[in-house]
Amino acid sequence: MKIIHMTVNGQPREVAVEEGESLTDTLRERLGLTSVKKGCEAGECGACTVLIDGKAVNSCIYLTVWADGKRILTVEGLRDDCGELHPVQKAFVEEAAVQCGFCTPGLVLTGVELVNSGRTYTREELRERSSGHLCRCTGYENILNALERVVGKHDS
């Protein structure tokens, strides 16, 4: 076992982990953060996406020992101090971009990364940036609409 220090959703955390333990397993099993989904466990579906130091990462193929000293953000950490949803979460609700919800946390966090970049994106860029996420329910159009709502380029 190895002791890891990281900041998770704004809170300093110390956790003992196995050397080969995935960040997905640590977040879900040791810290109880179940928004991080276990899908393919091969970095292909995006269900386990979290932000590590502001960058969207598939946590299933990221070892927890690599997270030592890093800042991790999951959907549980998105609400502000008043309990308000993040603008990306609001856009997903407003655009009906959620069906079963399995892919939603990863897609929302990818959206947060895009919002935090400070730039706007074309619909095609949004399609490309979200291409690492598999959704079996929505057909992606409402997801793209939600992302476009918060970071899309709009014609004047």
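Our structure is the block above this text.
Residues numbered from 1 in each chain as written. Predicted model: local features only at pLDDT ≥ 70, side-chain atom pairs only at ≥ 80, totals over all residues. Heavy atoms only, no water.

Each turn of an α-helix holds 3.6 residues, which means side chains three or four residues apart point in the same direction. In this model, helix α3 (residues 104–116) (13 residues) spans 18 Å end to end at C-alpha, consistent with the 18 Å of a helix rising 1.5 Å per residue. Within α3, 11 of the 13 residues are buried, leaving the element largely enclosed by the surrounding structure. The set of residues buried in α3 consists of T104, P105, G106, L107, V108, L109, T110, G111, V112, E113 and L114. Buried positions along α3 lie against β3 (49–52), β4 (55–58), β5 (71–73), α2 (87–94), α4 (123–129) and α5 (141–151). (Helix = DSSP H or I, 4+ residues; strand = E, 2+ residues; numbered from the N terminus. Expected span 1.5 Å × (residues − 1). Buried < 20%, exposed > 50% of the residue type's maximum accessible area, 1.4 Å probe, protein only. Contact = heavy atoms within 4.5 Å.)

Turning to the packing of α2 against α3, a few remarks are in order. Interhelical geometry of α2 versus α3 gives an angle of 125° and a closest axis separation of 9 Å. In terms of orientation, α2 and α3 fall into the oblique class. Here α2 runs over α3; the crossing is right-handed. Across the interface between the two elements, V88, Q89 and F92 of α2 pack against T104, L107, V108, G111, V112 and V115 of α3. Class assignment for the residues of the contact of α2 with α3 results in six nonpolar, three polar and no charged. (Axes fitted to C-alpha atoms, helices over the stretch in contact; angles between N-to-C directions. Parallel < 35°, antiparallel > 145°, perpendicular 65-115°, else oblique. Left-handed = near helix turned anticlockwise from the far one by under 90°. Nonpolar A, V, L, I, M, F, W, Y, C, P; charged D, E, K, R; others polar.)

Across all of its chains, the model carries one aromatic pair by this definition. Taking 5.4 Å as the distance between ring centres and 90° as the angle between the ring planes, the aromatic pair formed by Y62 and W66 counts as edge-to-face. Judged by relative accessible area, Y62 falls into the buried class, the value being 14%. (Phe/Tyr/Trp six-rings, centres within 6.5 Å; stacked < 30°, edge-to-face > 60°.)

Turning our eyes to something else, we now look at unusual backbone geometry. Phi at D53 is positive, roughly 50°, even though this residue is not glycine. Examined against the element boundaries, D53 turns out to sit in the loop between β3 and β4. Of the residues examined, D53 reaches a relative accessible area of 36% and is grouped as partly exposed. A positive phi angle is found at A96, which is not glycine, with a value near 50°. Position of A96 among the secondary structure elements: in the loop between α2 and α3.

Moving on: the environment of L27. Within the secondary structure layout, L27 lies in helix α1 (residues 23–30). Classification of L27 by relative accessible area gives buried; the value is 0%. Each C-alpha atom, one on L27 and one on I72, is 9.6 Å from the other, the two residues being 45 residues apart in sequence. Contacts of L27, omitting those with residues within four sequence positions, involve V8, G32, L33, V36, V50, I72 and T74.

Once that is clear, we can look at α2. When α2 is considered as a whole, its buried residues turn out to be V88, Q89, A91 and F92. Across the axial projection of α2, the buried residues extend over an arc of 160°, all falling on one side. Facing away from the buried side of α2 by more than 90 degrees, the exposed set consists of V93 and E94. If you follow the buried residues of α2, they end up packed against α3 and α5. (Arc of directions from axis to C-beta.)

Counting 22 residues, the largest nonpolar core has L78, F92, V108, L109, V112, L126 and I143 as the members making the most contacts within it. Within the residue set of this core, elements represented by two or more residues are α2, α3 and α5. Those residues in contact with L126 that sit more than four places away from it in its chain are L114, Y121, L144, L147, E148, V151 and G152. Of all hydrophobic cores here, the second largest spans 19 residues; its members include L23, L33, V65 and A67. (Core = buried A, V, L, I, M, F, W, Y, C linked by side-chain atoms within 4.5 Å.)

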